[in-house]
Amino acid sequence: MKYDFLDHEVLVRLGILPMESRQPMSGNVAGRHRSPHRGSSVEFAEYRKYVQGDDTRRLDWKAYARSDRYYIKEFEADTNMRGYFVLDSSGSMDFQGANDSRVQMARQLIAHLAYLLVDQGDAAGLSVCSDKINIEVPPSRRAAHLNHIFDTLAKTKPAGQTGLVDALHLLADKLPQRSMVFIMSDLFCDTEELADALQHLKFRKHDIAVFHLIDRAEIDFNFQRPHRFVDMEDKTTVVAEPVLIADEYKAAMTAFLQQVEIKCHDVAADYRLVTSDQSFEKVIHDFLEARIRRKGSH
């Protein structure tokens with residue numbers, strides 16, 4: 001099956017950039033990411049005093065010669081990462097202005113990021129949520145597993161009200177290990193409830209990346225004649241003269257975007273405002289590159 005949200009040429013170009021975690025990961029096989037546990041990889045971490053039962057092969061005899069005490073060398077253990085994508089499939093995700101709809105933007109981002117994860121030996125999983133559905137695709141490192149994720153993305157039809165906050169709380173409780181959680185949503189929900197859910201994920205030591213999907217028309221609000229505005233989640237309508245409400249609307253939208261960004265930064269989440277006029281390739285490229293720079297600065 002051909003997926004209209006997957007571009008193989010883009011995958012080749014992005015494939016030169018690794019996906020880096022911003023904190024230690026707890027996977028189940030050797031990989032490229034730091035583990036919270038000490039192991040025996042090539043990168044030296046620290047010394048600790050020898051205790052009975054330690055592997056004597058890891059004794060540092062030079063340190064013993066200097067101090068007349070036994071010390072064990074510890075090294076950073078590398079591990080693989082579990083990436084979990086949360087797709088908001090509420091009705092508002094189907095909104096489309098002059099460019100792709102929000103859900104199509106999310107499909108593009110998830111499909112390419114999931115491919116890159118699996119391609120470097122990490123696991124990718126998916127949760128699709130609204131108030132009516134909650135589809136789970138468990139994380140896996142198998143390349144064939146990607147087709148399950150792509151099929152689920154292709155079949156996703158946004159409807160109903162958002163179930164994002166509940167899905168994030170459920171995920172925070174359910175994921176047994178440190179993971180990377182990617183959130184794809186317009187975040188049209190109560191910001192305090194969203195903040196609580198993000199705090200829950202942070203408490204569980206997950207690496208959080210938030211892709212805030214907004215149509216350019218929703219920011220610019222360049223409507224000139226009277227419009228009937230329809231809530232795509234509960235179907236309520238408002239007839240308004242855009243010129244009369246433009247200033248108030250833009251102020252409210254600016255405040256909303258700032259509030260969401262603050263809530264994300266409060267939990268050290270990687271926040272990305274993604275507008276519909278942006279190239280999804282550039283969004284992913286900038287995301288990956290920023291993580292490489294951050295790892296290099298440590």
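The shown structure was predicted, so the numbers you read here are calculated from the model rather than taken from an experiment.

On to the packing of helix H3 (residues 102-119) against helix H4 (residues 145-155), then. Direction vectors running N to C along H3 and H4 enclose 175 degrees, while the axes themselves pass 10 Å from each other. Classed by the angle they form, the pair H3 and H4 counts as roughly antiparallel. For the pair formed by H3 and H4, the contact residues are Arg107, Ile110, Ala111, Ala114, Tyr115 and Val118 on the first element and Leu146, Ile149, Phe150, Leu153 and Ala154 on the second. Residue composition of the contact of H3 with H4, by class: 10 nonpolar, no polar and one charged.

Moving on to the pattern of salt bridges. A side chain of one charge can pair with a side chain of the opposite charge when the charged atoms of the two come close. Within the structure shown, the criterion is met by 12 salt bridges. Its salt-bridge partner being Arg13, residue Glu281 comes within 2.8 Å of it at the nearest N-O pair. Taken together, the residues Glu281 in helix H9 (residues 280-296) and Arg13 in helix H1 (residues 8-14) connect sequence positions 268 residues apart. According to the relative accessible area criterion, Arg13 is partly exposed, its value standing at 43%. Salt bridges linked by common partners bring Asp207, Asp270, Arg272 and Arg291 together as one network.

For H3, built from 18 residues, the straight-helix expectation of 26 Å at 1.5 Å per residue is met to within 8% by its first-to-last C-alpha distance of 26 Å. In terms of burial, H3 is largely enclosed, as 16 of its 18 residues are buried. At the exit of H3 stands Gly121, carrying a positive phi of roughly 95 degrees.

How each quantity is defined
- Residues numbered from 1 in each chain as written.
- Predicted model: local features only at pLDDT ≥ 70, side-chain atom pairs only at ≥ 80, totals over all residues.
- Heavy atoms only, no water.
- Axes fitted to C-alpha atoms, helices over the stretch in contact; angles between N-to-C directions.
- Helix = DSSP H or I, 4+ residues; strand = E, 2+ residues; numbered from the N terminus.
- Parallel < 35°, antiparallel > 145°, perpendicular 65-115°, else oblique.
- Contact = heavy atoms within 4.5 Å.
- Nonpolar A, V, L, I, M, F, W, Y, C, P; charged D, E, K, R; others polar.
- Salt bridge = Lys/Arg side-chain N within 4 Å of Asp/Glu carboxyl O.
- Buried < 20%, exposed > 50% of the residue type's maximum accessible area, 1.4 Å probe, protein only.
- Expected span 1.5 Å × (residues − 1).

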